[in-house]
Amino acid sequence: MKVALDTTKYEAMVAVFDGMGRHRRAHPTTRCDELYYELLSLYFSRVLTASREGKPAVAICGMVPPEVLYAMDIAPLLLESSGTMLMVSLKNYEDVFATAKQFGLPPEICSVHRAIVTQFIRGWAPHLDALVWSGATCDNCAKTGDMVVEIYGMPGFFLDRPYHRGEREIEHTARELKDMISFLEEQTGRRLDQDRLRESLGFTEQQMVLNREIGEMRKAVPSPISNRRGAQLNYVNWLFCGSPQAVEFFTAVRDELREVGKQGTMAPERYRLITVFAPPSHCWNLLDWMEREHGARIVTCPYSSHWGEWDPGLADPIEALAQKCFADPTLRQLAGPLQEAMVQDTVEDALAYQADGALFWAHTGCRHGCAAIRTVRDAVREQAGIPTLALDCDFTDPSFVSNEDMKDKLESFFDILAERE
């Protein structure tokens, strides 16, 4: 199966982010607000430019390390991001999910992956030279890659990452990464420069240090970060890890928090929340509402905060990258083991950040995520003494539950927290 390409929708998405960036510059608030949309526009337009100029562009799925692509001067396209952002920017949810249903993908499958497949069925994605995907995040991701390479008729490479971390597992991952690099070299005609890979890993290390510094700053009472800014940090990490753009954004956020803390300009804080998983992409205004109307501040998200053990200065950059595949915060959370990552990180954060409650974004269709709710909730209650709200939602499909229904459940949860004051 191979479809005809029509990038009109994709180009419209880029135009939306361009427009949002121009609006921010015309009505300035903070540098972070402007920079976030500038980076979104840069990321997605870069793939279009590569396609038009005959330069290599490669699709990747979550947890495939982008450092290699940046080091090889290959434009990456994170499929979870492009599928989601096409809908968020164009509001064409019904069209996307109707297409997925006609293709045979039922609503029980994660909406993110139904959106990914749809953009290829419809030919919305630009020309791509190859796809590298992994099953480290979930089984949906593993099967999505199979469908995408068939639909677009492009070569693909499946990157295997073991479940547990150990010396043998890191060695196996390093071998997998070497095979992936050979595959990319063959498909794109680009050779990996080891020094450029070290440079890319250096950017990742700077980002890690900044992330930890930001995490310490968020512990302040009141916390100096807005709910929306915290979500943006996670998103920039996914798109730009291993690039100077990530360092630029994390530095801007760090500097913004310093200034806010110095001036004491944050809105009143009543409830300190930690969140498990990422909020729905279609309703970040819900994060603003929580903060504005109820003083509910998301002080940390273990899902994107806890870097594991990693030595970026190893002589062999491939081995360093293999370690990073186990140390990345989101990969540790999604790939497990559950008790060694999600549970431990959430409990530690509940205590360290003086949280009043935990919010678990319970995305329908995410089987492995929702399966962890009971374990996380019990651990947080027993070890940190705080309640957890498992908020039913869908990461990309606004028809699953309305904003008003989510607000009702959140307000009931805030009533419970108020009784504990």
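In case you missed it, the structure is sitting above this.
Residues numbered from 1 in each chain as written. Predicted model: local features only at pLDDT ≥ 70, side-chain atom pairs only at ≥ 80, totals over all residues. Heavy atoms only, no water.

(A) Region of interest: the nonpolar core. Ranked by size, the top nonpolar core spans 152 residues in total, and within it Phe-44, Phe-120, Val-132, Phe-249, Met-290 and Phe-414 carry the most contacts. A total of 11 residues in this core trace back to one element, the largest contributor, which is helix α2 (residues 31-53). Discounting residues that sit within four places of it in the chain, Met-290 has contacts with Asn-227, Leu-273, Gly-295, Ala-296, Ile-298, Leu-359, Leu-410 and Phe-414. (Core = buried A, V, L, I, M, F, W, Y, C linked by side-chain atoms within 4.5 Å. Buried < 20%, exposed > 50% of the residue type's maximum accessible area, 1.4 Å probe, protein only. Helix = DSSP H or I, 4+ residues; strand = E, 2+ residues; numbered from the N terminus. Contact = heavy atoms within 4.5 Å.)

(B) The arrangement of the packing of aromatic side chains in detail. In total, this model carries 14 aromatic pairs according to the counting rule given. Ring geometry for Phe-17 versus Phe-44: centroids 6.0 Å apart, planes at 20°, classification stacked. One end of the pair, Phe-17, is in helix α1 (residues 8-26); the other, Phe-44, is in helix α2, with 27 residues separating them in the sequence. Each member of the pair, Phe-17 together with Phe-44, is buried. Considering the side-chain rings of Tyr-36 and Phe-249, the 6.2 Å spacing of their centres and the 50° angle between planes classify their relative orientation as tilted. Linking Tyr-36 in helix α2 with Phe-249 in helix α11 (residues 244-263), this pair joins segments that are 213 residues apart in sequence. A single burial state applies to Tyr-36 and to Phe-249, both of which are buried. Aromatic rings pair up to connect Tyr-10, Phe-17, Tyr-43, Phe-44 and Phe-240 into one cluster. (Phe/Tyr/Trp six-rings, centres within 6.5 Å; stacked < 30°, edge-to-face > 60°.)

(C) The arrangement of the pattern of salt bridges in detail. Applying the stated criterion across every chain, the model contains 31 salt bridges. In this structure, Asp-195 engages Arg-198 in a salt bridge whose closest nitrogen and oxygen atoms are separated by 3.1 Å. Placement of the pair is Asp-195 and Arg-198 together in helix α9 (residues 194-218), with a separation of 3 residues, close to one helical turn. Overall, the relative accessible area of 53% leaves Asp-195 in the exposed class. Note that Glu-291 and Arg-297 form a salt bridge whose closest N and O atoms lie 3.3 Å from each other. Each member of the pair, Glu-291 as well as Arg-297, is classed as buried. Bridged by salt links that share partners, the residues Arg-25, Arg-31, Glu-34, Glu-38 and Glu-248 form one connected network. (Salt bridge = Lys/Arg side-chain N within 4 Å of Asp/Glu carboxyl O.)

(D) The sheet that holds strand β3 (residues 130-134), seen in detail. Read across the sheet, 4 strands follow the order β2-β1-β3-β4 without closing on themselves; strand pairing throughout is parallel. Pairing within the sheet leaves two strands with one partner each, and these edge strands are β2 (75-78) and β4 (156-159). Each neighbouring strand pair of the sheet contributes to a mean axis angle of 25°, computed without reference to strand direction. Docked against the sheet, α2 engages β1 (57-60) and β2, running at close to 125° with respect to β2. (Pairing = 2+ DSSP bridges. Axes fitted to C-alpha atoms, helices over the stretch in contact; angles between N-to-C directions.)

(E) Just the environment of Cys-241, in detail. Tracing the sequence through the fold places Cys-241 in the loop between α10 (227-240) and α11. The spacing of Cys-241 and Glu-67 is 174 residues in sequence and 6.8 Å in space, taken between C-alpha atoms. If sequence neighbours within four positions are ignored, Cys-241 has contacts with Pro-66, Glu-67, Tyr-70, Thr-204, Gln-207, Val-236, Ala-246 and Lys-324.

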